[in-house]
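Coordinate inspection notes
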Amino acid sequence: MRLSIPPRLIGAILVPLVRLWAMTLRLERRNLAVFKDPELRARRPVIILWHDEIFPLIPSHTDEHMACVVSQSKDGEILAAVLEGLGYRTVRGSSSRGGVRALIAAKRFMETHDLGVIFTVDGPRGPRHKVKPGAVFLANLAGSPVVPVRAVMERATVFHKAWDKFQLPWPFSRCVITYGDPVDLPDCTRDPEELQRQCEALETIMNELGGR
């Protein structure tokens, strides 16, 4: 008989492990003043990152009044439990499941709780390092600036069979987190071609940010 462990229980078990692992990392945060700017925070920014770089970013933003957009999948349920155990709020839904309704719900959540959100722009299933429309559409709906973020890990185990080639930094390794300048996007909610252009522009910014 196959034993099925509830995703929320798996997440609860992982929380203390993630805390301990994160405490060993040597985090260096570049251009942090951008993220800490009170005027930016008041505008409820959409923080974008790649799915495979999420691990060192989790301990970097605990208890900083942010929410994470998490998919409605089983893996998303585990991630939501971990994030909530570390002090984040979570918004369930993505551009692939729930579509526009999920993004409208995320916008309302941002307004109700007066906070920005963190969004993995190539999740929940890829393609890897390709900006999908979800975060761009959400930023347009909410009138929020987009802040690109990259995490470069000095030493990490790469899970090559995972769609995102997820990176797990080694204990005590150096992780450089770089915050890009805020990007204000022109409205593209009614123009699919402009939406795609904005995705491509953000993708270029993300790639350049990782090379700093």
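Residues numbered from 1 in each chain as written. Predicted model: local features only at pLDDT ≥ 70, side-chain atom pairs only at ≥ 80, totals over all residues. Heavy atoms only, no water.

This part is about the pattern of salt bridges. Following the criterion strictly, the structure yields 12 salt bridges and no others. The shortest N-O distance in the salt bridge between Asp114 and Arg44 comes to 3.2 Å. Of this pair, Asp114 sits in the loop between helix 6 (99-113) and strand 5 (116-120) while Arg44 sits in the loop between helix 3 (38-42) and strand 2 (46-49); the two residues are 70 residues apart in sequence, bridging distant segments of the chain. Here Arg197 ties to Glu194 by a salt bridge, and the two come within 2.9 Å at their closest N and O atoms. Highlighted residues: Arg197 and Glu194, both in helix 8 (residues 192-210), separated by three residues, approximately one helical turn. Residue classification places Arg197 among the partly exposed residues on the basis of a relative accessible area of 43%. Each of Arg8, Glu77 and Glu84 takes part in salt bridges that share partners, so that together they form one network. (Salt bridge = Lys/Arg side-chain N within 4 Å of Asp/Glu carboxyl O. Helix = DSSP H or I, 4+ residues; strand = E, 2+ residues; numbered from the N terminus. Buried < 20%, exposed > 50% of the residue type's maximum accessible area, 1.4 Å probe, protein only.)

This part covers the nonpolar core. Side chains of nonpolar character tend, in soluble globular proteins, to be buried together. Of all hydrophobic cores here, the largest spans 29 residues; its most connected members are Ile47, Leu86, Tyr88, Ile118 and Val149. Of all the secondary-structure elements, those providing two or more residues to this core are helix 1 (7-24), helix 2 (32-36), strand 2, helix 4 (54-57), strand 3 (66-70), helix 5 (74-85), strand 6 (146-153) and strand 9 (174-179). When residues in this core are grouped by element, the largest group, four residues, is from strand 6. In this structure Ile47 touches Phe35, Met66, Val117, Ile118, Phe119, Val147 and Val149, once residues within four positions along its chain are discounted. Within the second largest apolar cluster, 28 residues are counted, among which are Ile48, Leu103, Met110 and Val117. (Core = buried A, V, L, I, M, F, W, Y, C linked by side-chain atoms within 4.5 Å. Contact = heavy atoms within 4.5 Å.)

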